[in-house]
Every structure is written in C-alpha cells, then in structure tokens.
Amino acid sequence: MSGSPDQNQVRHDVLDAHVVRVYEREKGKAGRDQIAILLRQEGVSIGTVGSILTARGLQAVRMRAWKMTTSVDRDARTEHIKNHMLDHNERDFTCKVLGTRLCGDIPYLRTGSGWLYLASAIDLSTRMVVGWSMASHMRTSLIIDALSMNRDHVHLQPAAISHSDRGSQYTSGAFQKWCFANGVTQSMGAVGVCSR
C-alpha cells in the first residue's frame, strides 16, 4: 500500500507530539534529559528527545542559578556603623552569651512561583536561627520581622550587636530606628565583605 504511512514515521510523529507537549507544559524550562525522565514517568519510552528538540528548533531556557540580592543604598547614612565583629583587626564571630551577638542575612530560594526571600537572625552563641521572616519581597520590614521574632521569643540582651552586610535593607533609616528603639547596636563589614 503505497499511500499508508510507514510505521516508524507514525511512531516518530507520536513521540514528536509527546516531546512538544511536555516542552510546552514545562514552559521551555525542561531540557532533553528532563523531558525524557518526565515522559518515562508517564510510561512513554523514548530515546530521541534531543533530535526532536533540535529538528524543531527548541531549546531549554536556562534559569539563572544566582541572583543579586544585596543592593547598596548610596544615600544611606552609615558612617556611624562600625564592624563590631573585629577583635585586634581579626574576625571574631564567637560569643558565649545568648542574645548578645547576632548575624543577619537574606538568602533567597527559587520556587515554582518565583523568588522567596528569607531574612534570618542567627545567634552566635548557639549558631541557631533565632528569628526569621519570609516574603516575596526584600523590603526592610522583612528583616525587622526576623529580629522582632528574636526579641519577642529569645529576649535580646541589652546592647546586643546585630551584624550584617551593607544591603539597603540593613542601612535603611527604618531599620536603624528599629535598632535604636530596641537597644541593638548595628555592625557592618566593609562594602562587598560582610566580615571585615
């Protein structure tokens, strides 16, 4: 039968449709290997994902693995904030008294819904996270909420020190006012190096 399609071509067309369907479902973020795994999980055995993607001109969108989160506010008044984690010009992130020395940062997590920012406060005497706050933004309220949790549940000691980088959240007037109102001494390293 000269008009009937070849069995191999039919199978190729079916596999082609599966690859394109998964590629589109994953919004172009899945590459050859991931599409093959997803199809196998659906019960579709395939070994030609790469050639189908190439023939169709499809390529996986690569997500940035790193995201810049520290933005320095050049207008912030921080000349009065010193690095209190130096002892004889050497880094000293040790502490024996709970609630007296903290370090803060805002790590970020990539989720299916976008970036999630996690402000944390770590007590240097125990190395435990004693305050945290999560949000889809990096506004100053995020770090204030994390330190407020610490204050409310662990009880900051008088004249506690909170060390951070020079990100705009930590240098903001709102955060400086919060520290002053709660008896917290701010500590910051040099620009680009949080520990010096």
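If you're wondering where the values come from, they're calculated on a predicted model, not measured in any experiment.

Calculation criteria
Residues numbered from 1 in each chain as written. Predicted model: local features only at pLDDT ≥ 70, side-chain atom pairs only at ≥ 80, totals over all residues. Heavy atoms only, no water. Buried < 20%, exposed > 50% of the residue type's maximum accessible area, 1.4 Å probe, protein only. Helix = DSSP H or I, 4+ residues; strand = E, 2+ residues; numbered from the N terminus. Pairing = 2+ DSSP bridges. Salt bridge = Lys/Arg side-chain N within 4 Å of Asp/Glu carboxyl O. Core = buried A, V, L, I, M, F, W, Y, C linked by side-chain atoms within 4.5 Å. Contact = heavy atoms within 4.5 Å.

A. Spatial organisation of the pairing of strand E8 (residues 184-188). The element E8 is largely enclosed, with a buried count of four among its five residues. Note that strand E7 (residues 160-164) and E8 share five bridges and pair parallel. Considered in E8, the bridge of Ile161 is made with Thr185.

B. Inspection of the pattern of salt bridges at higher detail. Scanning the entire structure with this criterion turns up six salt bridges. Here Glu42 ties to Arg21 by a salt bridge, and the two come within 2.6 Å at their closest N and O atoms. Residue Glu42 is found in the loop between helix H2 (32-41) and helix H3 (49-56), and its partner Arg21 is found in helix H1 (residues 7-25); the two are separated by 21 residues along the sequence. By relative accessible area, Glu42 is classed as partly exposed at 37%. Note on Arg21: relative accessible area 34%, which makes it partly exposed. By sharing partners, the salt bridges in this structure join Arg21, Arg25, Glu26 and Glu42 into a single network.

C. Representation of the nonpolar core. Ile106, Phe175 and Trp178 are the most contacted members of the largest nonpolar core, which has 22 residues in total. Put simply, the parts of the chain that give this core at least two residues each are strand E5 (114-123), strand E6 (128-135), helix H4 (140-154), helix H6 (173-181) and E8. Element by element, the count of residues in this core is highest for H4, at five residues. Not counting the four nearest positions on each side in its chain, Trp178 is found in contact with Ile144, Leu147, Ser148, Arg151, Leu156 and Val184.

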